[in-house]
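Read off the chains here:
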Amino acid sequence: MWMNESMAGRITKLLCMGLFITGAFLTPATYANSADFKTGYRAYQRGDFAAAAKEWLALAEAGNTKAQYNVGILFDQGKGVQQDRAEAVSWWRRSAESGFRMAQHNLANAYIAGDGVEQSYKDAVHWLQRASEAGLNRSRYTLGKMYHYGLGVEMDVKRAAILYLAAAETGLDKAQYNLAKAYRDGDGVAQDHALSVKWFRRAAEQGYTKAQNHLATRYARGQGITADMVEAYKWMSLAAQRGHSQAKENLKALVRQMTPEQRTEGKQRAAAFNPVRELH
């Protein structure tokens, strides 16, 4: 699909807003067990970023891919070193080229945003594909967005839905939300309002505000599920409490259609809600 520069820019801004934060450090318990890596991690935990940088830089220069990834984040955040996004990208590239999927994901994000490197959707897709093939679900989700908008690849909404599903099944709330919208609209999949409700619910129960607003709308309309004004109030008020502007407006309209008893029950259900994360 052809799109002008301003349209691509708006899509990129929206996409970047949904990217995962790059500052997820690797811990010695999960990824690296060398004494130097642990020493660096302990230094980071106590706020001695310069000491952490010293330990990890030595490992990174020796070819340790996990340390290279962490050093990239230090440069990205300017902790223990002078902030330098280009240097962060350089370290992520070294780690990514060795096959480390989290570095591949961060490198892809840098290419999407044009942060520390010249923007290139094509290069972003390359690294997202590699990380996806290595099983990183956040990359599958982001790659799905690239296919959905036709950034760096030919637009393919069916492929986007497949990637959303793969990430959604593992508990990724953003993927669940986008898959729900696909089922609602028949975008890359056969339209199915019941499945749309299912995926909106899974994301909503994790506390994803946009999904809560949409789930409330399904309850209010009885679309894909039996109409239930109390449940609609519960989910709409939760989204409104988190600052969702459309939910705030929707809630006003919803209240006018409810009895005082229904509103009281809806408030009680909302107060009892506790999000349950699927990813740990």
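To keep things clear, this report deals only with the structure shown in the data block. (Residues numbered from 1 in each chain as written. Predicted model: local features only at pLDDT ≥ 70, side-chain atom pairs only at ≥ 80, totals over all residues. Heavy atoms only, no water.)

## Some points on the overall build of the protein chain
Part 1 of the reasoning: Within the protein chain, the regular secondary structure consists of 15 helices and zero strands.
Part 2 of the reasoning: For the protein chain, buried positions account for 47% of its 280 residues.
Part 3 of the reasoning: For the protein chain, the proportion of contacts with a sequence separation of at least 24, taken over those separated by at least 6, is 54%.
Part 4 of the reasoning: Accessible surface, the protein chain as shown: approximately 13500 Å² in total, 48% of it carbon and sulfur. (Helix = DSSP H or I, 4+ residues; strand = E, 2+ residues; numbered from the N terminus. Buried < 20%, exposed > 50% of the residue type's maximum accessible area, 1.4 Å probe, protein only. Contact = heavy atoms within 4.5 Å. Areas by Shrake-Rupley, 256 points an atom, 1.4 Å probe, with all protein chains shown as cover.)

## Comments concerning the packing of aromatic side chains
Part 1 of the reasoning: By the definition in use, this model includes eight aromatic pairs.
Part 2 of the reasoning: Consider the rings of Y44 and F49, whose centres lie 5.0 Å apart with planes at 50°: the pair is tilted.
Part 3 of the reasoning: Assessed through its relative accessible area of 13%, Y44 is described here as buried.
Part 4 of the reasoning: Residue F49 is classed as partly exposed on the basis of its relative accessible area of 26%.
Part 5 of the reasoning: Note on Y177 and F200: the rings are 6.0 Å apart at their centroids and 55° apart in plane angle, and the pair reads as tilted. (Phe/Tyr/Trp six-rings, centres within 6.5 Å; stacked < 30°, edge-to-face > 60°.)

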